[in-house]
Amino acid sequence: MIAIGCDHGGLELKNAIVEHIKSRGIEVNDLGIYENKSVDYPDIALPVCNQVREGKAEKAILVCGTGIGMSIAANKLSGIRAAVCTDHFSTKYTRLHNNTNVLCLGGRVIGPGLALELVDLFLDTPFEGGRHQTRIDKIAALER
Ligand code: RB5
């Protein structure tokens, strides 16, 4: 299960991502928004990230205008490792090295063609573990 949410800056891209993930046969929990109205991105980031924190979703995707507001909010939550990505290399390595569980995208920054490729990389790239787990454990210690 993949949880997803957006604000008004990411609605169109979020809807494209939902359809793309479904077309791959992967279940999606779309927590909105569903229509074009102004909302505050922390109000979306929290319930979406909670799906991951509560073990109801394996990973999550958050879309706002830049991806940055969503990532700042998401990274305040314990257990969440969120990254804003705009390129293939960062998306691949944030999975391999950071075990990122939330991908943040900017609906006003990248187009759907690139975004869907980044979503696939985020979903399909495994965590390398090893020395990277040690570093993630140190990040977790910062939360305490
Ligand atoms: C909303 O106008 C915009 O600020 C938001 O979507 C996001 O880009 C914030 O980081």
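All values reported here derive from a predicted model rather than from experimental measurement.

Caption draft 1: Local environment of the overall build of the chain. Scanning the chain from N- to C-terminus turns up six helices and five strands. Walking the chain from its N terminus toward its C terminus, one meets helices and strands in the order β-α-β-α-β-α-β-α-β-α-α. At 14 Å, the chain has a C-alpha radius of gyration in line with the 15 Å of a compact globule built from 144 residues. The dimensions of the chain, computed from C-alpha atoms along their principal axes, are 40 × 30 × 25 Å. Looking at the chain as a whole, 47% of its 144 residues are labelled buried. For the chain, restricting intrachain contacts to residue pairs at least 6 apart in sequence, the fraction spanning at least 24 positions comes to 68%.

Caption draft 2: Helix H2 (residues 41–53), seen in detail. Over its 13 residues, H2 runs 18 Å from end to end, which matches the ideal 18 Å to within 8%, given 1.5 Å per residue. Buried residues of H2: Ile44, Ala45, Val48, Cys49, Asn50, Gln51 and Val52, and no others. Those residues of H2 that are buried are in contact with strand S1 (2–6), strand S2 (28–30), strand S3 (59–64), helix H3 (68–74) and strand S5 (102–106). Directly beyond the C-terminal end of H2, a positive phi value near 75° is found at glycine 55.

Caption draft 3: Representation of the pattern of salt bridges within the structure. Scanning the model with the defined rule gives four salt bridges in all. With its nearest N and O atoms 2.8 Å apart, the salt bridge here joins aspartate 120 to arginine 24. With aspartate 120 in helix H5 (residues 112–124) and arginine 24 in the loop between helix H1 (11–23) and S2, this pair connects stretches of sequence that are 96 residues apart. Take aspartate 120: its relative accessible area is 22%, and that puts it in the partly exposed class. One continuous salt-bridge network, built from bridges that share partners, spans Arg24, Asp120 and Asp124.

Caption draft 4: Structural context of the site of the ligand. Looking at the ligand, the residues that line it are Asp7, His8, Tyr41, Cys64, Gly65, Thr66, Gly69 and Arg108. In the environment of the ligand, an oxygen atom lies 3.0 Å from a nitrogen or oxygen atom belonging to the backbone of threonine 66. Burial of the ligand by the protein chains amounts to 71% of its free accessible area of 290 Å². Split by residue class, the shell around the ligand holds two nonpolar, four polar and two charged.

Caption draft 5: Seen up close, the packing of helix H4 (residues 88–96) against H5. Between H4 and H5, the least distance of the axes is 9 Å, while the angle of their chain directions is 20°. Classified by the angle their axes make, H4 and H5 are roughly parallel. As for how H4 packs across H5, the hand of that crossing is right-handed. Together, His88, Thr91, Lys92 and Arg95 of H4 and Leu114, Glu117, Leu118, Leu121 and Phe122 of H5 make up the contact between the two elements. The residue makeup of the contact of H4 with H5, split by class, is four nonpolar, two polar and three charged.

Caption draft 6: Expanded view of the packing of H1 against H5. Taken N-terminus to C-terminus, the directions of H1 and H5 make an angle of 50°; their axes are 10 Å apart at the nearest point. Judged by the inter-axis angle, H1 sits oblique to H5. When the axes of H1 and H5 are compared, the crossing they make is right-handed. Judged by residue contacts, Leu13, Ala16, Ile17, His20 and Ile21 of H1 engage Pro112, Ala115, Leu116, Val119, Asp120 and Leu123 from H5. Of the residues contributing to the contact of H1 with H5, the split by class is nine nonpolar, one polar and one charged.

The rules we used
Sequence order sets the numbering: in each chain, residues are counted from 1 along the sequence as written. A pLDDT threshold of at least 70 governs which residues receive local features in this predicted model, and a stricter bar of 80 or more applies before side-chain atom pairs are shown or counted, although totals over entire chains, interfaces and linings include all residues. Side-chain metrics in this entry use all non-hydrogen atoms of the structure; hydrogen atoms and water are not considered. Here a helix means four or more residues in a row that DSSP labels H or I, a strand means two or more in a row labelled E, and each is numbered from the N terminus. To get the radius of gyration, use the C-alpha atoms; to get the globule rule, take the number of residues to the power 0.38 and multiply by 2.2 Å. Think of it in three bands: residues with accessible area under 20% of the maximum for their type are buried, residues over 50% are exposed, and the middle band is partly exposed, with areas taken using a 1.4 Å probe on protein chains only. The contact criterion used throughout is that any non-hydrogen atoms of two residues lie within 4.5 Å. The span one expects for a helix is its residue count, reduced by one, times 1.5 Å. The salt bridge definition used is simple: a Lys or Arg side-chain nitrogen within 4 Å of an Asp or Glu carboxyl oxygen. Here a residue is near a molecule or strand as soon as one of its heavy atoms is found within 4 Å of it. The term polar contact refers here to a pair of N or O atoms within 3.5 Å; inside protein, the definition further demands a hydrogen-donor-capable atom paired with an acceptor-capable atom, and it admits residues adjacent in sequence only when both atoms are side-chain atoms. Surface accessibility in these figures is a Shrake-Rupley result with a 1.4 Å probe; residues are shielded only by whichever protein chains are displayed. Classification convention: Asp, Glu, Lys, Arg as charged; Ala, Val, Leu, Ile, Met, Phe, Trp, Tyr, Cys, Pro as nonpolar; all other residues, Gly among them, as polar. An axis is simply a line fitted to the C-alpha atoms; with a helix, the fit covers only the stretch in contact. Between two such axes, the angle follows the N-to-C directions and lies from 0 to 180 degrees. Angle categories: roughly parallel below 35 degrees, roughly antiparallel above 145, roughly perpendicular from 65 to 115, and oblique for all the rest. Crossing handedness is defined as follows: a turn of the near helix away from the far one that is anticlockwise and smaller than a right angle gives a left-handed crossing, while the clockwise case is right-handed.

Keep in mind these numbers describe shape, not what the thing actually does.
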